[in-house]
Amino acid sequence: MNRSNPNYAIECTIDECANHCDCEPCCALSRISICSCSDTKALDAGHTECASFKPKPKY
Ligand code: SF4
């Protein structure tokens, strides 16, 4: 994974993530995994999360 290589198909504003691009508001991964954080059906965005999130060491 190259953090200077934005994946424009995955817009993301979570700059605290080690997978976030250094130069654009995008993820630097070629693909991500999205999961539900609800025990029931996901009804809105609040029931989902990015399972690829990885905190930067400083956080
Ligand atoms: S892994 Fe998820 S949270 Fe991290 S930069 Fe990519 S899309 Fe954003």
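Keep in mind it's a predicted model, so treat the numbers as computed, not measured.

Cut-offs applied
- Residues numbered from 1 in each chain as written.
- Predicted model: local features only at pLDDT ≥ 70, side-chain atom pairs only at ≥ 80, totals over all residues.
- Helix = DSSP H or I, 4+ residues; strand = E, 2+ residues; numbered from the N terminus.
- Buried ≥ 20, exposed ≤ 12 C-beta atoms within 10 Å, placed from the backbone.
- Contact = placed C-beta atoms within 7 Å.
- Near = placed C-beta within 6 Å.
- Nonpolar A, V, L, I, M, F, W, Y, C, P; charged D, E, K, R; others polar.
- pLDDT = per-residue confidence, 0-100.
- Core = buried A, V, L, I, M, F, W, Y, C linked by C-beta atoms within 7 Å.

**Points about the environment of alanine 28**
Argument step 1. For alanine 28, the location among the structural elements is in the loop between strand S2 (26-27) and strand S3 (34-36).
Argument step 2. You can call alanine 28 buried: it has 21 C-beta atoms within 10 Å.
Argument step 3. C-alpha separation for the pair alanine 28 and serine 38, spaced 10 residues apart in sequence, amounts to 27 Å.
Argument step 4. Setting aside anything within four residues of it in sequence, one finds alanine 28 in contact with Met1, Asn2, Arg3, Asn5, Pro6, Asn7, Asn19, His20 and Cys21.

**Quick notes on the site of the ligand**
Argument step 1. Residues in contact with the ligand, as listed here, are Ile10, Cys12, Ile14, Cys17, Asn19, His20, Cys27, Leu29, Ile32, Cys50, Ser52 and Phe53.
Argument step 2. Each residue belonging to the shell around the ligand can be placed in one class, and the counts come to nine nonpolar, three polar and no charged.

**Quick word on the confidence of the model for the protein chain**
Argument step 1. Averaged over the protein chain, the pLDDT score is 89; the fraction of residues at 70 or greater is 98%.
Argument step 2. Predicted confidence in the protein chain is weakest over strand S4 (residues 48-50), with a mean pLDDT of 80, and strongest over strand S1 (residues 7-11), with 97.

**Here we look at the environment of arginine 3**
Argument step 1. Following the sequence through the fold, arginine 3 ends up in the segment before S1.
Argument step 2. Distance from arginine 3 to cysteine 23, taken between C-alpha atoms, is 8.0 Å for residues 20 residues apart in sequence.
Argument step 3. Dropping the residues within four chain positions of it, arginine 3 is found in contact with Cys21, Asp22 and Ala28.

**A word on the nonpolar core**
Argument step 1. Counting residues in hydrophobic clusters, the biggest one holds five residues: Cys12, Cys21, Cys27, Ala28 and Leu29.
Argument step 2. Excluding residues within four positions of it along the chain, cysteine 27 makes contact with Asn7, Ile10, Cys12, Asn19, His20, Cys21 and Ile32.

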